[in-house]
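Overview (structure and organization)
Each chain, written out:
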Amino acid sequence: QVHLVESGGELVQAGDSLRLSCRASGRAFPTYSISWFRQAPGKEREFVTGIIWSGATYYADSVKGRFTISRDNAEYTVSLQMNSLKSEDTAVYYCAVRAGPVVYSKNSYNYWGQGTQVTVSS
């Protein structure tokens, strides 16, 4: 069983930076793949970025070069550094874990956090 809690979401201006955190419980955390998804109003939940146990990372094209995911296995946390934020980044951001490689499909993740709201004002 894994429990996830996201934090760090807030209202920012376009061009600003923001750092989200996801804190996990569960002894197997270091072996899991962790991903961030986001869901804007009226849209499907979409993959943003993911990181596997070794530290290899994956990004959606829309955030490459602006977002950076990292993990601290000792602290059971995953962070998402978001730079050069745009209005289209506005969404609820969720972290999710799975026991396997990072995949882009939300249906392949076993555990989810409750989400944190990011609003980017233009």
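Before reading further, recall that the structure is shown in the block above.
Read on for an overview of the structure.

Procedures and definitions
- Residues numbered from 1 in each chain as written.
- Predicted model: local features only at pLDDT ≥ 70, side-chain atom pairs only at ≥ 80, totals over all residues.
- Heavy atoms only, no water.
- Helix = DSSP H or I, 4+ residues; strand = E, 2+ residues; numbered from the N terminus.
- Polar contact = N/O pair within 3.5 Å; in protein donor to acceptor, adjacent residues only side chain to side chain.
- Contact = heavy atoms within 4.5 Å.
- Phe/Tyr/Trp six-rings, centres within 6.5 Å; stacked < 30°, edge-to-face > 60°.
- Buried < 20%, exposed > 50% of the residue type's maximum accessible area, 1.4 Å probe, protein only.
- Lys NZ or Arg CZ within 6 Å of the ring centre and 35° of its normal.
- Pairing = 2+ DSSP bridges.
- Salt bridge = Lys/Arg side-chain N within 4 Å of Asp/Glu carboxyl O.
- Core = buried A, V, L, I, M, F, W, Y, C linked by side-chain atoms within 4.5 Å.

Examining the side chain of Thr116
Mapped onto the secondary structure, Thr116 falls in strand E11 (residues 116-121). A distance of 3.0 Å separates a polar atom in the side chain of Thr116 from the backbone nitrogen of Gly9. Excluding residues within four positions of it along the chain, Thr116 makes contact with Glu6, Ser7, Gly8, Gly9, Leu20, Ala91, Val92 and Tyr93.

What about the packing of aromatic side chains?
Taken as a whole, this structure holds seven aromatic pairs when the rule is applied. Where Phe29 meets Tyr76, the ring centres are 5.0 Å apart and the plane angle is 25 degrees; that geometry is what we call stacked. Placement of the pair is Phe29 in the loop between strand E3 (18-24) and strand E4 (33-39) and Tyr76 in the loop between strand E7 (67-72) and strand E8 (77-82), with a sequence separation of 47 residues. Residues Phe37 and Phe47 carry aromatic rings whose centres are separated by 5.7 Å and whose planes lie at 85 degrees to one another, so their mutual orientation is edge-to-face. Here the residue Phe37 occupies a position in strand E4, and Phe47 occupies one in strand E5 (residues 46-51), the gap between them amounting to 10 residues. Across the pair, exposure class does not vary: Phe37 and Phe47 are buried alike. An aromatic cluster is defined as three or more aromatic residues linked by ring pairs; in this entry it consists of Phe37, Phe47, Tyr94, Tyr104, Tyr109 and Trp112. Lying over the aromatic face of Tyr94, Arg45 brings its terminal NZ or CZ to 3.7 Å of the ring centre.

With respect to the pairing of E8
Burial of E8 is extensive: five of the six residues sit out of reach of the surface. Bridging between E7 and E8 involves six bridges; their strand directions are antiparallel. Note on E8: the bridge partner recorded for Phe67 is Met82. Here E7 folds back onto E8 in antiparallel fashion, the turn holding four residues, of which Tyr76 has a positive phi close to 55 degrees.

Things to note about the pattern of salt bridges
Counting across every chain of the model gives five salt bridges. Residues Arg38 and Glu46 are paired through a salt bridge, measuring 2.7 Å at the closest nitrogen-oxygen approach. For Glu46, a relative accessible area of 37% gives the class partly exposed.

Comments concerning the nonpolar core
Counting 35 residues, the largest nonpolar core has Leu20, Trp36, Phe67, Met82 and Tyr93 as the members making the most contacts within it. When residues of this core are traced back to their parent elements, those giving at least two are E3, E4, E5, E7, E8, strand E9 (91-98) and E11. If you tally residues by element for this core, the top one is E9, at five residues.

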